[in-house]
Amino acid sequence: MGSPKRSNGVPEMAEPDRSDPVPLLYGELADWYPLLTPVDDYADEAGLYLRLFEDHCRHAPRTLLDLGSGGGHVAAYLKATLRCTLVDLSPAMLALSRRLNPECEHLQGDMRALRLWRTFDGVLLHDAVSYMATREDLARAIATAYAHTAPGGVALFQPDFVAETFAPGTETGGNDAEGRALRYLEWRWAPASCGSSYVTDMAYLLRDTNDALEVHHDRHQMGLFSQADWLELIGATGFQPLAIAVAHSSPGEAGAVVLLGLRPVMGSES
Ligand SMILES: C[S@@+](CC[C@H](N)C(=O)[O-])C[C@H]1O[C@@H](n2cnc3c(N)ncnc32)[C@H](O)[C@@H]1O
């Protein structure tokens, strides 16, 4: 892990607008998150990401920065091989992840503005990058990834969809735990006026120990960019961009595209 100086040409980012509404799932309902998407479901994906880091990093990867680390469900697998630093906007999600991954470094931060002034062999922007709903926010997140990727290292972006793979749809699911249970309906749709975004409306039914049921609606505003836009933005930072089509085990992600940014070894300090 290196330590770039502030004069390395990467601009200090202005703070983005923090008035964006925080989805309930990452705030007051964060404790329910593992019942919506259990850690066991992430093993295959995590294995895929580790292989991609190992195949494309110019040296054996040892450190990872996970931007938008959520419950730490991917990191729970990667931490066996990589020393992980986990960053999320939400204190409630960081608290959840700390319980699962107490051995990992946890920091609160915004992927559109974070500057730690150190670099990592791998930088992961998993499904959280889907919350970049404007081209400007996406460019900021990619610039953050570049600023934290070591020379010869790899940034990996896994949006839920690119424009070419998006399809409106619904999914249902949920799980039981001791004394409580969650069921959800996920409804993805693109408003007629949408330029670079789509909406995921979530309905949660939460049953607690006393058998009482709560129902919540939670709207998630997501970004939608073509593969060409992704590659252009990744390339514009100084990364060598690469798109890889993968068959995914995650719901709604069949035929997903993983985008990589390979940071050159030479000339990467400018
Ligand atoms: C679906 S969860 C990520 C789950 C994660 N991949 C895991 O392994 O558990 C999405 C996360 O993105 C975070 N997030 C959304 N916008 C963000 C931003 N601008 N910067 C950092 N984190 C952000 C949310 O707080 C939330 O925890």
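Each remark here, short or long, concerns the structure printed above.
None of the values given here were measured: they were computed from a predicted structure.

Trainee: Give me the nonpolar core: which residues, what numbers.
Mentor: Counting 51 residues, the largest nonpolar core has L67, L125, A155 and L156 as its most contacted members. The greatest single-element share of this core, amounting to seven residues, is contributed by helix α5 (residues 135-148). Those residues in contact with L125, other than ones at most four positions away along the chain, are L67, G68, M111, A141, A145 and F157. Ranked by size, the runner-up nonpolar core spans eleven residues in total, among them Y26, Y33, L94 and M202.

Trainee: I'd love a proper account of the site of the ligand, names of residues and values included.
Mentor: Close to the ligand lie 19 residues; G68, G70, H73, S90 and A128 are nearest. Considering only residue class, the shell around the ligand consists of seven nonpolar, eight polar and four charged.

Trainee: Tell me about α5, residues and numbers included.
Mentor: Taking 1.5 Å per residue as the helical rise, α5 with its 14 residues ought to reach 20 Å, and the 20 Å between its terminal C-alpha atoms agrees with that figure. Buried residues dominate α5, accounting for eleven of its 14 residues. Those residues of α5 lying buried are D137, L138, R140, A141, I142, A143, T144, A145, Y146, A147 and H148. Packing partners of the buried residues in α5 comprise β1 (63-67), β4 (120-125), β5 (149-157), β9 (213-223), α6 (227-237) and β11 (256-262).

Trainee: Tell me what's going on with the sheet that holds strand β10 (residues 240-246), and back it up with residues and numbers.
Mentor: One open sheet holds the seven strands; their spatial order is β3-β2-β1-β4-β5-β11-β10, and the pairing between them is mixed. Only two strands of the sheet have a single partner each, and these edge strands are β3 (105-108) and β10. Going across the sheet, the axis of each strand differs from the next one's by a mean of 20°, ignoring polarity. Here β1 runs beside strand β2 (residues 83-88); their pairing, made up of five bridges, is parallel. When the sheet's bridge partners are listed, L67 is paired in β2 with V87. Each of β4, β5, β10 and β11 touches helix α2 (residues 43-56); the most contacted strand, β5, lies at about 150° to it. The sheet contacts of helix α4 (residues 91-100) involve β2 and β3, and relative to β3 the element is tilted by about 175°.

Trainee: Give me the lowdown on the sheet that holds β9, citing residues and values where you can.
Mentor: Strand pairing in a sheet takes place through backbone hydrogen bonds and is either antiparallel or parallel in direction. With respect to topology, four strands assemble into an open sheet ordered β6-β7-β8-β9, the strand pairing being antiparallel. Edge strands, defined here as strands with exactly one partner in the open sheet, are β6 (169-177) and β9. The sheet shows a mean angle of 15° between the axes of neighbouring strands, direction not considered. Pairing of β6 with strand β7 (residues 180-189) involves nine bridges; the strand directions are antiparallel.

Trainee: Account for the pairing of β2, naming residues and giving values.
Mentor: The element β2 is extensively covered by neighbouring structure, given that five of its six residues are classed as buried. Sheet topology places β2 next to β3; four bridges connect them, and they run parallel. Within the sheet, the bridge partner assigned to D88 lies in β3 and is Q108. Following the backbone out of β2, through α4 and into the adjacent parallel β3, one traces a crossover that is right-handed.

Conventions adopted
Residues numbered from 1 in each chain as written. Predicted model: local features only at pLDDT ≥ 70, side-chain atom pairs only at ≥ 80, totals over all residues. Core = buried A, V, L, I, M, F, W, Y, C linked by C-beta atoms within 7 Å. Buried ≥ 20, exposed ≤ 12 C-beta atoms within 10 Å, placed from the backbone. Helix = DSSP H or I, 4+ residues; strand = E, 2+ residues; numbered from the N terminus. Contact = placed C-beta atoms within 7 Å. Near = placed C-beta within 6 Å. Nonpolar A, V, L, I, M, F, W, Y, C, P; charged D, E, K, R; others polar. Expected span 1.5 Å × (residues − 1). Pairing = 2+ DSSP bridges. Axes fitted to C-alpha atoms, helices over the stretch in contact; angles between N-to-C directions. Right-handed = clockwise from strand over helix to strand, strands pointing away.

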